[in-house]
Amino acid sequence: MRSSPAARPWRRRRASLRTWVALGVVVLGAVALVVLWKTGVISRATFGAATTPSTRGLVAVPMTPRAIPAYTRVTRDDFWDPAGKRLTVTYLPPQAVTPDLLTKWSDIWGRVLDHDKPAGYVFTEADFLPKGTRAGLVAGIPAGKRALRVQADKVTGLYGLQRGDHLDLVATLPIDVKGRAQSFGFAGAYAQQLALQAQLTNWQKQATVRVMAQNAVVVEPLTTRQVPVYSSTLTQGAVTRLRPVQEVVIAVDPGDVARLTEALAVDAQISAVPRSGRPDDPAASVTPDLDPVSPFGGPGVAPGAGAAGLTMVEAIAGSKRELTAVVAK
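These remarks concern the structure in this document. Not measured: the values here are computed from a predicted model.

For the rest of this paragraph, the subject is the packing of aromatic side chains. Summed over all chains, the structure comprises four aromatic pairs. Relative to Trp105, the ring of Phe79 has its centre 5.1 Å away and its plane inclined at 75°; by these criteria the two rings are edge-to-face. Of the two residues, Phe79 is situated in the loop between strand 1 (59-62) and strand 2 (80-81) and Trp105 in the loop between strand 4 (89-92) and strand 5 (146-151); the sequence distance between them amounts to 26 residues. According to the relative accessible area criterion, Phe79 is buried, its value standing at 0%. Pairwise contacts between aromatic rings join Phe79, Trp105, Trp109, Phe123 and Phe128 into one cluster.

Here is the structure:
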């Protein structure tokens, strides 16, 4: 059935209106997409496309993705990212790359770290020990020194010390006067003076203080490790148990090894005396020893030297013995 000539213009106008409405929807959708793209609401990742920022003009600098302990030999595996299946680097502008930054893998792989390296940092020459250093605990021993593993219950004052701190080790042995003669037979003009001086010096309550190590270095701070302890029982036979032991590794001069080992063997009271960590601390300063004060001399007089200007003479008459002070000439 044909439409009348009067209805044809209306149909044409309605089709044109539909076309304009569709065109307006398309334009509005395009404008909305542009606005959302500019504001960052949507991006290429929204549509499943990977976003790879441009690195043109930037310098690739190696960066560790995980923490690396001190004295470890750095290898390729320390930089491998299993998720991204690539070596971890960070891109820096050329003006941010200083001369001390290491940008070549050959300058990093195979080197031994001087200290703990946290994750997310680049490397400099100061992070490594000299080339040719062996990895492991021996890497932290300064050249020319020897290292001893000391239990914390043998030396007081080790808590709180960090790797690289300098300290002195001082051993103290008290004087045991039990069973010895505690009185002196003084004679002569200076008898009363010497008897009073012997009491004032309090010689019976003294100790010998010796410095076992000067300017020692902490190689490994206080750590706890499990030590196997073997025992035998009637019901279970041989049994192995683990006992926790706290230890510190200290590097000392070769001449101090024997003295420190001897002090540990005789159960001397050993104290750690930390040195200053400031750069202006004199490295040549030493901690002096302390000898017991002689009862026949004042403070500061070496043992056996006697009082100033006096010499002790022992007079024996039968079973009687006396000490006589005479003026030395």
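A contiguous nonpolar patch, built from Trp20, Leu23, Val27, Val31 and Val35 and spanning about 500 Å² of accessible area, is present on the exposed surface. With respect to the element layout, Val31 can be found in helix 1 (residues 8-39).

It is worth spelling out the environment of Arg241 at this point. On the secondary structure map, Arg241 appears in strand 10 (residues 237-252). Arg241 gets classed as partly exposed once you look at its relative accessible area, which sits at 46%. Each C-alpha atom, one on Arg241 and one on Pro228, is 5.6 Å from the other, the two residues being 13 residues apart in sequence. If we skip the residues at most four places from it in the chain, Arg241 touches Val227, Pro228, Val229 and Ser231.

Mapped onto the fold, Lys117 is located in the loop between strand 4 and strand 5. Excluding residues that lie within four positions of it along the chain, Lys117 makes contacts with Thr64, Arg66, Ala67, Ile68, Val122, Phe123 and Asp127.

Here the focus is the pairing of strand 11 (residues 269-274). Where strand 6 (residues 155-156) and strand 11 come together, two bridges link them in parallel fashion. Looking at the pairing, Thr156 lines up with Ser271 of strand 11. Inspection of the sheet shows strand 7 (residues 166-174) paired to strand 11 by six bridges, in the antiparallel sense. Residue pairing for strand 11: Asp168 is matched across the bridge by Val273.

Moving on, we get to the environment of Asp267. With respect to the helices and strands, the residue Asp267 is situated in the loop between helix 3 (254-265) and strand 11. By relative accessible area, which is 58% here, Asp267 ends up exposed. Separated by 95 residues in the primary sequence, Asp267 and Thr172 place their C-alpha atoms 9.8 Å from one another.

Moving on to unusual backbone geometry. Notably, Tyr71 is not glycine yet its phi reads approximately 65°, a positive angle. Within the element layout of this structure, Tyr71 appears in the loop between strand 1 and strand 2. Residue Tyr71 is classed as buried on the basis of its relative accessible area, which comes to 11%. The backbone of Lys85 sits at a positive phi, close to 55°, despite the residue not being glycine. Following the sequence through the fold, Lys85 ends up in the loop between strand 2 and strand 3 (86-87).

For the rest of this paragraph, the subject is the pattern of salt bridges. Counted according to the given criterion, the structure contains 10 salt bridges. A salt bridge links Glu220 to Arg149, with the nearest nitrogen and oxygen atoms 3.7 Å apart. In this pair, Glu220 is assigned in strand 9 (residues 207-233) and Arg149 in strand 5, connecting sequence segments 71 residues apart. Glu220 gets classed as partly exposed once you look at its relative accessible area, which sits at 22%. Connected through salt bridges with shared partners, the residues Arg149, Glu220, Arg225 and Glu247 form a single ionic network.

Glancing now at helix 3. Spanning 12 residues, helix 3 covers 18 Å between terminal C-alpha atoms, matching the ideal 16 Å at 1.5 Å per step. Burial in helix 3 covers these residues: Asp256, Leu260 and Ala263. Down the axis, helix 3 shows its buried residues gathered within 55° of arc, on one side only. Facing away from the buried side of helix 3 by more than 90 degrees, the exposed set consists of Ala258, Glu262 and Ala265.

For the rest of this paragraph, the subject is the layout of surface pockets. Its volume calculated, the largest pocket comes out at about 210 Å³. Grouping the constituent residues of the lining of the largest pocket by class yields nine nonpolar, three polar and two charged.

Calculation rules
- Residues numbered from 1 in each chain as written.
- Predicted model: local features only at pLDDT ≥ 70, side-chain atom pairs only at ≥ 80, totals over all residues.
- Heavy atoms only, no water.
- Phe/Tyr/Trp six-rings, centres within 6.5 Å; stacked < 30°, edge-to-face > 60°.
- Helix = DSSP H or I, 4+ residues; strand = E, 2+ residues; numbered from the N terminus.
- Buried < 20%, exposed > 50% of the residue type's maximum accessible area, 1.4 Å probe, protein only.
- Patch = residues over 30% accessible without salt bridge, like charges linked within 9 Å, V, L, I, M, F, W, Y side chains within 5 Å.
- Areas by Shrake-Rupley, 256 points an atom, 1.4 Å probe, with all protein chains shown as cover.
- Salt bridge = Lys/Arg side-chain N within 4 Å of Asp/Glu carboxyl O.
- Contact = heavy atoms within 4.5 Å.
- Pairing = 2+ DSSP bridges.
- Expected span 1.5 Å × (residues − 1).
- Arc of directions from axis to C-beta.
- 1 Å grid on protein atoms, 1.4 Å probe; cavity = no way out; pocket = protein on both sides within 12 Å on 5 of 7 lines; lining within 4 Å.
- Points joined across faces, edges and corners; volume = space filled by probe spheres on them.
- Nonpolar A, V, L, I, M, F, W, Y, C, P; charged D, E, K, R; others polar.

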